[in-house]
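Take a look at the letters that make up each chain.
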Amino acid sequence: MRRLPIFFLVDVSESMVGEQLYRLEEGIGAIVATLRRDPYALETAYLSVIAFAGKAVTVNPLTELISFHPPELPVGGGTAIGTALNHLMDEIDRSVVTTTTDRKGDWRPIVFLLTDGHSTDDPSAALERWNRGYRSRANLVAISIGGTADHTLLQRLTDDVVVFNDTAPDAFARFIKWLSMSIQSQSRSVSSGSDGRVSLAKSEPGLLVPVNAAAGLTPFNGVDDRYAIFVGRCAKTKLPYVVKYELHLGRIETSDPALSALLRTRRYALSAAVPVKYSYFDLSAGDPVGQSVHSADLVGQPQCPHCNAQFGMAVCSCGKIHCVTGDGEQTCPWCGEVGYYSSACDGDGFDVARGRG
Ligand SMILES: [Zn+2]
Ligand SMILES: [Zn+2]
């Protein structure tokens, strides 16, 4: 039996944390459920999920649909596209059966690369390896989530680059449907014996935009400034958490005059504080990059998502973020230094080290 291998190469950097990642997990579950009802897909499609941030990890090795368990996606710091591609190519070498003179191998694999960021490593060598040995025998579809990925880089990998407009109504549900339909259509076409270029399903207008037509969609200036992202550590449990602020662009309406005054002068509003696991550190490469955002640009102080301490954005003199319950002494869970903290911003604000996104 010739298999149709399908790889999801998913960016799980911090900017994906929160709702996007949950919806993606649910989405992969929904894809599997849909494909299981399709006799062609059921017979041929095998799925694998590879997650990458600063490092890459195979979350699901290539598995037949019937025994595939939708993954719990990890989170890490960084967007190492080069590392991700090398991991993918190693995985293809390991698990995809090639055709030789005396056996029929697997069908040409499909890779869905989902990313919203710019590479934090140098992907040149991996790009060359891909274009030399893999591009012609795989179908790679690169999806720029929200239009913030590095389109020039993606276009060096594949002719199929699309921008997923994640602000469209019901965007995620429709996107997942499009992915399922594309896989179904390809499993149908391999079942009839054709192993050509992937036949992507038609998408509804406005949801997926060819990259060259997407220029006007999201003004992009090279830095993903839609989010300001911070990695904290709970002072009690030492577990990491990610605090995500989103550029509010005047979208938030409030009748509270104090808050509305703040929103006029500050660019980012608290969007989520999400607990992450120790695996965060396994998937991150190096220290957070030296970008920083001043607290005077941030609105909202999250609770610690691990211990519910009132202040999740206390900053130690080492520059790292952790939680505190209120005024008093606190040991920094990063560097072990004991500091005296006073609650709330006292007008001067604080500088906080920013994650790579
Ligand atoms: Zn805590
Ligand atoms: Zn410290």
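Residues numbered from 1 in each chain as written. Chains lettered and ligands numbered in written order. Predicted model: local features only at pLDDT ≥ 70, side-chain atom pairs only at ≥ 80, totals over all residues.

### Looking at the overall build of the chain
- Of the regular secondary structure elements, the chain holds eight helices and 17 strands.
- In the chain, which comprises 357 residues, the share counted as buried stands at 41%.
- In the chain, of all internal contacts separated by at least 6 residues, the share reaching a separation of at least 24 is 70%. (Helix = DSSP H or I, 4+ residues; strand = E, 2+ residues; numbered from the N terminus. Buried ≥ 20, exposed ≤ 12 C-beta atoms within 10 Å, placed from the backbone. Contact = placed C-beta atoms within 7 Å.)

### Re the nonpolar core
- Formed by 87 residues in total, the largest nonpolar core has its most connected members in Leu9, Val12, Ile50, Phe52, Val111, Phe112 and Ile143.
- Per element, the largest residue contribution to this core is seven residues, and it comes from strand β2 (residues 45–52).
- Composition of this core by domain shows at least three residues from each of domain 1 (4–213) and domain 2 (227–353).
- Setting aside residues up to four positions removed in sequence, Ile143 forms contacts with Phe112, Leu113, Leu114, Val162 and Phe164. (Core = buried A, V, L, I, M, F, W, Y, C linked by C-beta atoms within 7 Å. Domains from an automatic or database assignment.)

### A short note on the sheet that holds β2
- A sheet is described by the order of its strands in space; here seven strands give the open sequence β3-β2-β1-β4-β5-β6-β7, paired in mixed fashion. Each edge of the open sheet is held by one strand with a lone partner, namely β3 (56–64) and β7 (208–210). With strand direction ignored, the average angle separating the axes of adjacent strands in the sheet is 20 degrees.
- Alignment of strand β1 (residues 4–11) against β2, held across eight bridges, turns out to be parallel. The partner of Asp11 across the bridge, within β2, is Phe52.
- Across the sheet, helix α3 (residues 81–95) is in contact with β1, β2, β3 and β4 (110–115); its angle to β2 comes to roughly 150 degrees. (Pairing = 2+ DSSP bridges. Axes fitted to C-alpha atoms, helices over the stretch in contact; angles between N-to-C directions.)

### Quick look at the confidence of the model for the chain
- Here the chain averages 85 in pLDDT, while 90% of its residues score no lower than 70.
- A low-confidence stretch, residues 216–223 (pLDDT under 50), is modelled with nine contacts involving residues beyond four sequence positions or located in other chains. (pLDDT = per-residue confidence, 0-100.)

### Describing the sheet that holds strand β13 (residues 311–315)
- The strand order across the open sheet built from six strands is β12-β10-β9-β8-β14-β13, with neighbouring strands paired in mixed fashion. The outermost strands of the open sheet, each flanked by one partner alone, are β12 (298–299) and β13.
- In terms of strand pairing, strand β9 (residues 240–247) meets strand β10 (residues 268–275) through seven bridges, oriented antiparallel. The residue bridging Val243 from the neighbouring strand is Ala273, located in β10.

### Structural notes on the environment of Tyr134
- Inspection of the secondary structure assignment puts Tyr134 in the loop between α4 (124–133) and β5 (139–145).
- Classification of Tyr134 by C-beta neighbours within 10 Å gives partly exposed; the count is 19.
- Distance from Tyr134 to Ile92, taken between C-alpha atoms, is 9.0 Å for residues 42 residues apart in sequence.

### Topic: the packing of helix α1 (residues 19–36) against helix α6 (residues 171–191)
- Two elements in contact, α1 and α6, have axes separated by 9 Å at closest approach and are oriented at 40 degrees. Both α1 and α6 take part in a crossing whose hand is right-handed. Between α1 and α6, the contacting residues are Arg23, Gly27, Ala30, Ile31, Thr34 and Leu35 on the first element and Phe172, Ile176, Leu179, Ser180, Ile183 and Gln184 on the second.
- The class makeup of the residues in the contact of α1 with α6 is seven nonpolar, four polar and one charged. (Left-handed = near helix turned anticlockwise from the far one by under 90°. Nonpolar A, V, L, I, M, F, W, Y, C, P; charged D, E, K, R; others polar.)

### Things to note about the environment of Ser124
- Within the secondary structure, Ser124 is located in helix α4.
- Classification of Ser124 as exposed rests on a count of 12 C-beta atoms within 10 Å.
- Between the C-alpha atom of Ser124 and that of Leu153, which follows or precedes it by 29 residues, the distance is 9.4 Å.

### A word on the pairing of β3
- Where β2 lies against β3, six bridges are found, and the strand directions are antiparallel. Note that in β3 the partner of Val49 across the bridge is Asn60.
- If you look at the hairpin formed by β2 and β3, you'll find three residues sitting between the two strands.

### A short note on unusual backbone geometry
- If you check the backbone angles, Lys238 has positive phi at about 65 degrees while not being a glycine.
- Looking at the secondary structure, you find Lys238 in the loop between β8 (227–233) and β9.
- Looking at Lys238, the number of C-beta atoms within 10 Å reads 12, which means it is exposed.
- Not every positive phi belongs to a glycine, and Asn308 is a case in point at roughly 65 degrees.
- On the secondary structure map, Asn308 appears in the loop between β12 and β13.

### Re the pairing of strand β16 (residues 338–341)
- Two elements, strand β15 (residues 328–331) and β16, share four bridges in a ladder whose sense is antiparallel. Of the residues in β16, the one forming a bridge with Gln330 is Gly339.
- Between the end of β15 and the start of β16, which pair antiparallel, lie six residues, with Gly336 showing a positive phi angle near 85 degrees.

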